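Each chain is listed here by its residues.
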Amino acid sequence: MYTALRLQRKLKRELARGAAEITVVTPDPYMTYQPFLPEAAAGAISPRHVVVPLRRVLDRCRIVIGEATAIDHAARVATVTTLADAERGGEGGAGGRAVVYDELVLAPGSVSRTLPVPGLADHAIGFKTLEEAIGLRNHVLEQMDIASSTRDPALRDAALTFVFVGGGYAGVEALGELEDMARYATRYYHNLRPEDMKWILVEASDRILPEVGEEMGRYTVSELRRRNIDVRLETRLESCADRVAVLSDGARFPTRTVVWTAGVKPHPVLAATDLARDARGRLRCTAELAVEGAPHAWAAGDAAAVPDATAEDPGRECAPNAQHALRQAKVLADNIVHSLRGEPLRTYAHAYAGSVASLGLHQGVAHVYGRKIKGYPAWLMHRTYHLSRVPTFNRKARVAAEWTLAGLFKREIVSLGSLEHPRAEFELAAGGKPPQDPPDTPKGSS
C-alpha cells in the first residue's frame, strides 16, 4: 500500500493522461496496521480503526480483490484469482486470469510458520490478522463466561487456562494486553478472581523479545511473572491434542485456548514464481530493492532479503520488520520512477533505531538509540510512535480519540462471538438448524 501510495503521487501526471496504470492485487480491500492488533484484541481500539480502506487511500489505483497464484516474470504475466473467479469455480477457483504487467512489485508479507505439533491445526488460533485478534478476544471472554457458569472444576480450570506459544512481539504483546483485559473483566464476575486464571507463555529459546535487548528481555520476564504469568523459557509445545497442552519440560495443562505466534515464513506465492530466492524462501534483492537477476521486478518487506547497507558485517540483511518495510516501500516507489525515467537508482539504507513493545495498559519496554526504557514511559513511547506511523490523518485522529475516551470511561467487556454466524438466529426462527462451531476451535479463528 505504501509503495502504491507514493507511486500515485509521483506519477500523478502520467496517471491523469492514461500513460500509466497502477494495479494492486490484494486478498483484502484494506491494509491492516498489525502493531495495533493487540490493542484491538483488548478492546482499546475499535477493529475498523486498525485497518485502512485501500479504495479510499489509493483512489488513482485499480484495486483487484484476489490473490496471485503464479507469476511468470520471463513473460511478464501474473495469474490472479479474484473473488468472482472463486465464486464461479467453487473452492478451487476457476484457474484465474492472466494479468500482463511492465513492472512487478512483490510485497505479500508473511504467513504463520507452523510445526507438525499434534492437535495444533485443530485447536490453536493464530494472531496475525484482525479476524484472529477479534476472534481471540471473543473467545477469551466466552471462556470466562463458561467458567463462571459451570460447576465442573475440570471444565472451569481448562476454560481459565490460556497458553501462548512464541515469545516475540506478537506473543508477548497479545498475552500482555489480553491478560490485562481479562484481569479487569473479573471484577464483573461474582465468582471469578484474577488468581483463578492461568496465563502461560512458552518460548523455545532462552529469552523473549530479543529485539529490545537482553536486559529489557529479562525485565519483561520479571514483569510478566510479577503478574502471575507463567513464563517458560527453553520449552516447546509438544502436543495440544485432546485439549491438553503438553510441554517439553513434562508439564501438562488442560486448556481450551492455545495461541500460536511462534514465527512466520515467506508467503507461499513466492514459491510460485520464477524469481531467485534465498534458503529461507525470500526473494534475493539488491540494495536498490530490485530482485536479483530479474529486471523490472521489485520486492520489499518480509518477502525480500535486502542487504543492510548500514551494517559493518558484510552479508548482513535488513530485519523483516515494519520499521524497514515502511521505509523500503518509499525507496522502492522512487526507484521504479527513476527506472522509468532513466535516472540513477537510490540505495536503501536505514540504521536500526530500536524497538518498543507494550505489555498491557501503562506497561512497556523499549530500547531506542541505545537507551533502555521501561514501565509507563516505554508504554507512552509505544503509543506515540505507532500513532505517528499509522497511515492517514483519519486513522490517527480516530485512534487518538478512542484512547482519550478510554481514559474517561470503563473498558468494554462484551463478547460478540455471535458475529461469526449472523444468520444463525434467523435460520433457527425459520425452522433450520443453526451452524455450530467445531467443538475445539475458538470462535473467529481462521
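Named according to an unreviewed UniProt entry, the protein is NADH dehydrogenase originating from Streptomyces prasinopilosus. Of the comments in the UniProt record for the protein, the one headed Sequence similarities (unreviewed entry) reads "Belongs to the NADH dehydrogenase family."

Trainee: Quick question: what am I supposed to make of the overall build of the protein here?
Mentor: Along the backbone of the protein there are 14 helices and 23 strands. Relative to the 2.2 N^0.38 estimate, which gives 22 Å for 446 residues, the radius of gyration of the protein is 23 Å and therefore close to what a compact globule would have. Principal-axis analysis of the C-alpha atoms gives the protein an extent of 70 × 60 × 45 Å. Here the protein, with 446 residues, has 47% of them falling under the buried criterion. If you take every contact in the protein between residues at least 6 apart in sequence, the share linking residues at least 24 apart comes to 64%. Entry remark: accessible area of the protein is about 22100 Å², with carbon and sulfur atoms responsible for 53%. Side-chain charges of the protein comprise 56 positive and 54 negative groups, with the mean position of each set lying 6 Å from the other.

Trainee: Just checking my understanding: could you explain the sheet that holds strand β22 (residues 364-368) for this structure?
Mentor: A sheet is described by the order of its strands in space; here three strands give the open sequence β21-β22-β23, paired in antiparallel fashion. Among the strands making up the open sheet, the edge pair consists of β21 (354-358) and β23 (371-374). Ignoring which end each strand starts from, the neighbouring axes of this sheet average 5° apart.

Trainee: Got a minute to help me understand the sheet that holds strand β16 (residues 257-260) in this structure?
Mentor: Note on sheets: strands pair through backbone hydrogen bonds, and any given pair is parallel or antiparallel. In space, the five strands of this open sheet follow the order β9-β16-β10-β11-β12, with parallel pairing throughout. The sheet is open, and its two edges are formed by β9 (124-126) and β12 (229-232), each paired on a single side. Averaged over all pairs of adjacent strands, the angle between their axes in this sheet comes to 20°, without regard to strand direction. Of the strand pairs in this sheet, strand β10 (residues 161-165) and β16 are connected by four bridges, and their pairing is parallel. If you follow V163 over to β16, its bridge partner there is V258. Its contacts with the sheet put helix α7 (residues 130-149) on β9, β10, β11 (198-202) and β16, and the angle it makes with β16 is roughly 160°. Contacting β11 and β12, helix α10 (residues 214-226) runs over the sheet at an angle of about 145° to β12.

Trainee: Mind showing me how you'd approach a positive patch on the surface here?
Mentor: On the surface, a cluster of positive charge is made up of R9, K12, R60 and K330. With respect to the element layout, K330 can be found in helix α11 (residues 322-340). Residue classification places K330 among the partly exposed residues on the basis of a relative accessible area of 40%.

Trainee: What is the right way to look at the layout of surface pockets in this model?
Mentor: The computed volume of the second largest pocket comes to approximately 1100 Å³. Forming the boundary of the second largest pocket are 40 residues, of which E39, G43, A44, I45 and S46 lie nearest the centre. Elements supplying a minimum of two residues to the lining of the second largest pocket: α3 (37-42), α7, α9 (169-185), α12 (376-389) and α13 (393-408). Broken down by element, the lining of the second largest pocket gets its largest block of residues, seven residues, from α13. Looking at the lining of the second largest pocket, its residues break down into 20 nonpolar, nine polar and eleven charged.

Trainee: Honestly, the packing of aromatic side chains in this entry has me stumped. Any pointers?
Mentor: The description of two aromatic rings rests on the distance between their centres and on the angle between their planes. In the structure shown here, the tally under the stated rule is six aromatic pairs. Considering the side-chain rings of F36 and W403, the 5.8 Å spacing of their centres and the 90° angle between planes classify their relative orientation as edge-to-face. With F36 in the loop between β2 (30-32) and α3 and W403 in helix α13, this residue pair connects regions lying 367 residues apart in the sequence. A single burial state applies to F36 and to W403, both of which are buried. Considering the side-chain rings of Y376 and W379, the 5.4 Å spacing of their centres and the 40° angle between planes classify their relative orientation as tilted. Within this pair, Y376 and its partner W379 are both found in helix α12, separated by three residues, close to a single helical turn. Here W379 falls in the buried class, since its relative accessible area comes to 6%. Linked through ring pairs, Y33, F36 and W403 together constitute an aromatic cluster.

Trainee: Is there a simple way to think about the domain arrangement of the protein in this case?
Mentor: By convention, interface size is frequently given as the accessible area that disappears when the constituent parts associate. The domain boundaries assigned to the protein delineate domain 1 (1-111 + 266-341), domain 2 (114-262) and domain 3 (354-407). Summarising the inter-unit geometry, the C-alpha centres of domain 1 and domain 2 are found 33 Å apart. On the side of domain 2, 13 residues touch domain 1, which itself brings 15 residues to the contact. Contact between domain 1 and domain 2 buries roughly 1200 Å² in total, counting both sides, with carbon and sulfur atoms accounting for 65%. In this structure, the connection of domain 1 to domain 2 is made through zero salt bridges. Viewed at the interface, domain 2 and domain 1 are joined by four residue pairs in polar contact (both at pLDDT 80 or more). Within the residue set of the side of domain 1 that touches domain 2, elements represented by two or more residues are α3 and β8 (110-112). When residues of the side of domain 1 that touches domain 2 are assigned to their parent elements, the largest contribution, six residues, is made by α3. Residue classes in the side of domain 1 that touches domain 2 are distributed as eleven nonpolar, three polar and one charged.

What counts and what doesn't
- Residues numbered from 1 in each chain as written.
- Predicted model: local features only at pLDDT ≥ 70, side-chain atom pairs only at ≥ 80, totals over all residues.
- Heavy atoms only, no water.
- UniProt positions renumbered as here; feature names shortened; annotations may be inferred.
- Helix = DSSP H or I, 4+ residues; strand = E, 2+ residues; numbered from the N terminus.
- Rg over C-alpha atoms; globule rule 2.2 N^0.38 Å.
- Buried < 20%, exposed > 50% of the residue type's maximum accessible area, 1.4 Å probe, protein only.
- Contact = heavy atoms within 4.5 Å.
- Areas by Shrake-Rupley, 256 points an atom, 1.4 Å probe, with all protein chains shown as cover.
- Lys, Arg positive; Asp, Glu negative; His and termini not counted.
- Charge placed at Lys NZ, Arg CZ, Asp CG, Glu CD.
- Pairing = 2+ DSSP bridges.
- Axes fitted to C-alpha atoms, helices over the stretch in contact; angles between N-to-C directions.
- Patch = residues over 30% accessible without salt bridge, like charges linked within 9 Å, V, L, I, M, F, W, Y side chains within 5 Å.
- Salt bridge = Lys/Arg side-chain N within 4 Å of Asp/Glu carboxyl O.
- 1 Å grid on protein atoms, 1.4 Å probe; cavity = no way out; pocket = protein on both sides within 12 Å on 5 of 7 lines; lining within 4 Å.
- Points joined across faces, edges and corners; volume = space filled by probe spheres on them.
- Nonpolar A, V, L, I, M, F, W, Y, C, P; charged D, E, K, R; others polar.
- Phe/Tyr/Trp six-rings, centres within 6.5 Å; stacked < 30°, edge-to-face > 60°.
- Domains from an automatic or database assignment.
- Buried area = accessible area lost by both parts, 1.4 Å probe.
- Polar contact = N/O pair within 3.5 Å; in protein donor to acceptor, adjacent residues only side chain to side chain.

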